[in-house]
Amino acid sequence: MNRRGPGLLGAMARTAVVAGTASAVSGRVQQHQREKFTEQEMRQQAAAPAPDDLINQLERLGELKKRGVLTDAEFVAQKNRLLAE
């Protein structure tokens, strides 16, 4: 008998290997994306001031402006910088 291809069992085995590899790669990509997202989220939380800290910083800016240490323009610039974080 003269065969032209790998036959039914060979084709099934190749399909199983391809599907298994694709599944493993997909799982690894998803895991990497979860880890990357978690790292970014942690960095953002660390960079952003806590609400109480933000209020304290704004109050301190207000006091500095009231005492004449900061001009109106400096106060507005610093306030905008804090609120943008």
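Residues numbered from 1 in each chain as written. Predicted model: local features only at pLDDT ≥ 70, side-chain atom pairs only at ≥ 80, totals over all residues. Heavy atoms only, no water.

Undergrad: So, the overall build of the chain: which residues are in play, and what are the values?
TA: Scanning the chain from terminus to terminus reveals 3 helices and 0 strands. Listed N to C, the secondary structure of the chain is α-α-α in terms of helices and strands. With 85 residues in all, the chain has 6% of them scored as buried. Only carbon and sulfur atoms are counted for the fraction: they give 57% of the accessible area of the chain, which is about 7400 Å². (Helix = DSSP H or I, 4+ residues; strand = E, 2+ residues; numbered from the N terminus. Buried < 20%, exposed > 50% of the residue type's maximum accessible area, 1.4 Å probe, protein only. Areas by Shrake-Rupley, 256 points an atom, 1.4 Å probe, with all protein chains shown as cover.)

Undergrad: Mind laying out the nonpolar core, listing which residues take part and the relevant values?
TA: Listed in full, the 5 residues of the largest apolar core are Leu61, Leu64, Leu70, Phe75 and Leu82. At the level of secondary structure, the elements contributing two or more residues to this core comprise helix H2 (51–66) and helix H3 (72–84). Sequence-distant contacts of Leu64, defined by excluding residues within four places in its chain, comprise Val69 and Leu70. (Core = buried A, V, L, I, M, F, W, Y, C linked by side-chain atoms within 4.5 Å. Contact = heavy atoms within 4.5 Å.)

Undergrad: Which residues make up the environment of Leu61, and what are the values?
TA: Mapped onto the elements, Leu61 comes out in helix H2. With a relative accessible area of 9%, Leu61 lands in the buried category. Each C-alpha atom, one on Leu61 and one on Phe75, is 6.6 Å from the other, the two residues being 14 residues apart in sequence.

Undergrad: So, the packing of H2 against H3: which residues are in play, and what are the values?
TA: Taken N-terminus to C-terminus, the directions of H2 and H3 make an angle of 175 degrees; their axes are 10 Å apart at the nearest point. Accordingly, the angle class assigned to the pair H2 and H3 is roughly antiparallel. Contacts between H2 and H3 involve Leu54, Gln57, Leu58, Leu61, Gly62 and Lys65 from the former and Asp72, Phe75, Gln78, Lys79, Leu82 and Leu83 from the latter. Across the contact of H2 with H3, the residue classes tally to 6 nonpolar, 3 polar and 3 charged. (Axes fitted to C-alpha atoms, helices over the stretch in contact; angles between N-to-C directions. Parallel < 35°, antiparallel > 145°, perpendicular 65-115°, else oblique. Nonpolar A, V, L, I, M, F, W, Y, C, P; charged D, E, K, R; others polar.)

Undergrad: Tell me about the environment of Lys65, and name the residues and values.
TA: Examined against the element boundaries, Lys65 turns out to sit in helix H2. Judged by its relative accessible area of 33%, Lys65 falls in the partly exposed class. Put simply, Lys65 and Phe75 are 10 residues apart on the chain and 6.4 Å apart in space, counted from C-alpha to C-alpha. Sequence-distant contacts of Lys65, defined by excluding residues within four places in its chain, comprise Leu70, Asp72 and Phe75.

Undergrad: Residues and numbers for the pattern of salt bridges, please.
TA: Within the structure shown, the criterion is met by 1 salt bridge. In this structure, Asp72 engages Lys65 in a salt bridge whose closest nitrogen and oxygen atoms are separated by 3.5 Å. A residue is classified by how much of its surface remains accessible, and Asp72, at 53% relative accessible area, is exposed. (Salt bridge = Lys/Arg side-chain N within 4 Å of Asp/Glu carboxyl O.)

Undergrad: Can you lay out the confidence of the model for the chain for me, pointing to particular residues and giving the numbers?
TA: Within the chain, residue pLDDT values average 80, and 84% of them lie at 70 or more. For the chain, per-element mean pLDDT is lowest for helix H1 (residues 7–47), which scores 77, and highest for H3, which scores 90. (pLDDT = per-residue confidence, 0-100.)

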